[in-house]
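Read off the chains here:
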Amino acid sequence: MIGLAAALLAAAGLRYEVAASAGARELSIEARIPAFPDRDGELSVDDGAEPFVRDVMLLSPEGAVRLERRGDSWFAPGCATHGCRIRYRFALREAATASRDEDLAVLYGEIVESPPGAWLLRPLRVPAGATAELIVSTPEGLRFVAGLPEGPVSASGLGDLPYAAFGDLRVEKLRLEGGSPTVAIAKARRRQSEEELLGWIRSSTALIAHYFGRFPADGALLLVLPAPGDQIHGRCRGTGGASILFFLGTDLDAAEARRSWELVHELVHLGFPSLPRRHLWAEEGLATYVEPIARARVGELSAEKVWGDLVRGLPQGLPGQGDEGLDRTHTWGRTYWGGALFWLLADVEIRERTGNRFGLEHALRAVVAQGGSIAERWPLQRAFEVGDRAVGTRVLEELYAKMGSAPVEVDLDALFRRLGVALRGGVVELDDRAPLAPIRRAITERR
C-alpha cells in the first residue's frame, strides 16, 4: 500500500516524484525540470549532500544518458534550453548515519530527519516566480512529514525548505483558528504517554493562537523526537514552510514537561518572519519575552513569576564594554535578554502612547495577518513598519533606530519601580499604586 504526503500544487515548474524504500534507506527520485537561465544546465543539492546523490540519468525518448558529477554539480545543457527529465537515487540512510547536521540528515533511532533541499537536485538559478511540486510515496508502515503548507512553493527556495522526516510516526493534524499544524511523535519508550504529550501540545499551540489572534503558520510541523534523561530543547526552521524539531527527554513525566518553557518558546518563533542573521536578537528576544506572557494569559504562570523572572533576567541583556548595539553584538546575553528588553520597552511604550488600548500583541498580530510568519523572509524594517501602523505609533522603528547600532543604557530599576515590580528577599511584590501598574497588569493579566 502506497501512502501519499506533501503534495505541493504548482501550475507549472519543477515537479519531483519521490519514492522511499523500506526504512527510508534510499529515495528514488524522478524530476521534471523546465528550461532555466543557465547555459551550462548546472544542477545541485544542498552543500554536503552531493556524495549521497547516485546514478543521475537524463531521460529522453531515445533512452537514458548518465550525467557525471563535476565538483559539486551535475551539468545538462539541454535542460537549460529545453527543459528535461532526470532520474536519480539518494542514499538517505547513509547520509543520516554519516551526518550530525539537522540541515542535511540525521538518524534518531529509526527516524530519518532531512530537509528536502538535501535531496532535491535542482537548478542553481530558476526563473522568477517559478514553483515546485513535491509528491512523496512511502511503503506501508513508513510515514513522511514535512513543514510544508498547501499551495505552491517557490522553486528558488528549495534549499531553504523546512525540516522533514521519514519513519514510524504518530501523526496528528491540529485544528486551530488560522492554521492546522501537524504534530508527528516518534515512537519511543517514555514516561509520558502519547495522549499526555498531545494534550500538552494542543494546549501550547492554542495559547500561541490566543496571543497572536490566530495560529501564525499554517502547515507547520512539530516533530517530537526522544532525548536521553530529562533533556528538553528545540530548534525552528523556516522560509518556504515552518517546522520545529523538539527533543523531549524520555525520563520527563507529563507534569514536568508542562512546567517547562521550551515548547512555547519555539512556538513563538513561528509568529515572526525569518530575518537576516544580524537580527537574531529580534527573533530570540521575542520568544524570550512573549513565552511567559502568553502562558500567564491562560493561567499557566502567575504574574509574580513572569515579572520576577524579568527582574532577574533582563540585567543580562544590558550593554557591556565594547557593545555596538543589538545588530552588531552577538553575545548570548544581548541576543536573548537584550532582545527581550527591546520588546518589553516597545510593549510599555506602545501602551503609554495609546492609553493602554494597544500593546505589542496588536503589532505582532498585524505582522502575522500580512503573512509575516517564520515561513517568510522579511527585512526587519518591514515588520516594524507593519506593526507600528497597526498601533498608530512609530515605537518599533524609533526604538530600533536607537538600539540597533549603538548601546543604550536602560535604568531597569526605574522602569520596574514605575511598573510596580520589586524583588525583596527573593520574593516578588507587585504594587498597584505604581504609575504604570495598569500597563503591567494589561501585559500579564489572564484573559
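About the cut-offs
Position numbers for residues count from 1 along each chain, tracking the sequence in the order it is written. Owing to the predicted nature of the model, reporting of local features is limited to residues with pLDDT of at least 70; listing and counting of side-chain atom pairs is limited to 80 or more, with chain, interface and lining totals taken over all residues. With hydrogens and water set aside, each side-chain value is computed from the structure's full complement of heavy atoms. Here a strand pair is declared whenever DSSP counts at least two bridges between the two strands. Numbering goes from the N terminus for both helices and strands, where a helix is a DSSP run of H or I of at least four residues and a strand is a run of E of at least two. Simply put, an axis is a line fit to the C-alpha atoms, just over the touching stretch for a helix, and the angle between two N-to-C directions goes from 0 to 180 degrees. Here the angle decides the label: under 35 degrees means roughly parallel, over 145 means roughly antiparallel, 65 to 115 means roughly perpendicular, and every other value means oblique. Any pair of residues with heavy atoms lying within 4.5 Å of one another is described as a contacting pair. Only Asp, Glu, Lys and Arg are considered charged in this grouping, and only Ala, Val, Leu, Ile, Met, Phe, Trp, Tyr, Cys and Pro are considered nonpolar; every other residue, Gly among them, is considered polar. Working definition: rings of Phe, Tyr and Trp (its six-membered ring) pair if their centres are within 6.5 Å, and the pair is stacked with planes under 30 degrees apart, edge-to-face with planes over 60 apart, and tilted otherwise. Three labels apply to residues, based on accessible area from a 1.4 Å probe with only protein chains included: buried if under 20% of the type maximum, exposed if over 50%, partly exposed otherwise in between. As a reminder, the over-ring test applies to NZ of lysine and CZ of arginine, requiring each to be within 6 Å of the ring centre and within 35 degrees of the ring normal. Salt-bridge detection follows one rule: a side-chain nitrogen of Lys or Arg within 4 Å of a carboxyl oxygen of Asp or Glu. Any cysteine sulfur atom paired with another within 2.5 Å is treated as part of a disulfide. Each nonpolar core is a collection of buried residues, namely Ala, Val, Leu, Ile, Met, Phe, Trp, Tyr and Cys, held together in the definition by side-chain atoms within 4.5 Å.

Draft legend 1. Up close: the sheet that holds strand S10 (residues 106–108). Across the sheet, four strands lie side by side as S10-S11-S16-S14; this open sheet has antiparallel pairing. Here the strands that pair on one side only, and so sit at the sheet edges, are S10 and strand S14 (143–146). Pairs of neighbouring strands in the sheet enclose a mean axial angle of 20°, with direction left out of account. Strand direction decides the pairing type here: S14 and strand S16 (residues 164–167), joined by four bridges, are antiparallel. Bridge pairing in S16 links Arg143 to Gly167.

Draft legend 2. Quick look at the packing of helix H6 (residues 280–296) against helix H8 (residues 332–353). Here H6 crosses H8 at 70°, and the two axes come no closer than 7 Å. Judged by the angle between their axes, H6 and H8 are roughly perpendicular. Contacts between H6 and H8 involve Leu280, Trp281, Ala282, Glu284, Gly285, Leu286, Thr288 and Tyr289 from the first element and Arg334, Thr335, Tyr336, Trp337, Gly339, Ala340, Phe342, Trp343, Leu344 and Asp347 from the second. Grouping the amino acids of the contact of H6 with H8 by side-chain chemistry returns 11 nonpolar, four polar and three charged.

Draft legend 3. Quick peek at the packing of aromatic side chains. Counted by the stated rule, this structure contains 15 aromatic pairs. Both rings, one in Trp281 and one in Phe342, keep their centres 5.0 Å apart while their planes meet at 70°; by these two values the pair is edge-to-face. With a gap of 61 residues between them, Trp281 in helix H6 and Phe342 in helix H8 connect regions that are remote in the sequence. Arranged with centres 6.0 Å apart and planes meeting at 65°, the rings of Trp343 and Phe384 form a pair that is edge-to-face. Here Phe384 lies in helix H10 (residues 380–391) and Trp343 lies in helix H8, a separation of 41 residues in the sequence. Take Trp343 and Phe384: they sit in the same class, and that class is buried. In this structure an aromatic cluster arises from ring pairing among Phe272, Trp281, Phe342, Trp343, Phe384 and Tyr400. Above the face of the Tyr163 ring, Arg237 is positioned so that its terminal group lies 5.9 Å from the ring centre. Lying across the ring of Trp378, Arg382 places its NZ or CZ 3.8 Å from the centre.

Draft legend 4. Quick look at the pattern of salt bridges. Inspection of every chain in the model, using the stated rule, returns 38 salt bridges. Three or more residues joined by partner-sharing salt bridges are found here, namely Arg297, Asp347, Arg351, Glu361, Glu445 and Arg447.

Draft legend 5. Region of the structure containing the sheet that holds strand S4 (residues 42–44). Within the open sheet, the four strands sit side by side as S7-S8-S4-S12. Their pairing is antiparallel. In this open sheet, the two edge strands, each paired with only one partner strand, are strand S7 (69–70) and strand S12 (122–123). As defined by bridge partners, S4 adjoins S12 across two bridges and the pair is classed as antiparallel. Across the sheet, residue Leu43 finds its bridge partner in S12, namely Pro123.

Draft legend 6. Seen up close, unusual backbone geometry. Although it is not a glycine, Ala24 adopts a positive phi angle of roughly 55°. Structurally, the position occupied by Ala24 is in the loop between strand S2 (13–20) and strand S3 (27–33). Of note, Asn356 is a non-glycine position whose phi angle comes to about 65°, a positive value. By the element assignment, Asn356 lies in the loop between H8 and helix H9 (360–369). We classify Asn356 as partly exposed; its relative accessible area is 25%.

Draft legend 7. Summary view of the state of the cysteines. Using the criterion set out here, one finds one disulfide in the structure. Each sulfur of the disulfide joining Cys79 and Cys84 lies 1.7 Å from the other. The disulfide joining Cys79 to Cys84 has a torsion of about 90° about its S-S bond and is therefore right-handed. Like Cys84, Cys79 is buried.

Draft legend 8. View of the nonpolar core. Counting 85 residues, the largest nonpolar core has Leu270, Tyr289, Leu314, Phe342, Trp343, Phe416 and Leu419 as its most contacted members. One finds Ile29, Val45, Leu121 and Ala146 within the second-largest nonpolar core, a separate group that totals 51 residues.

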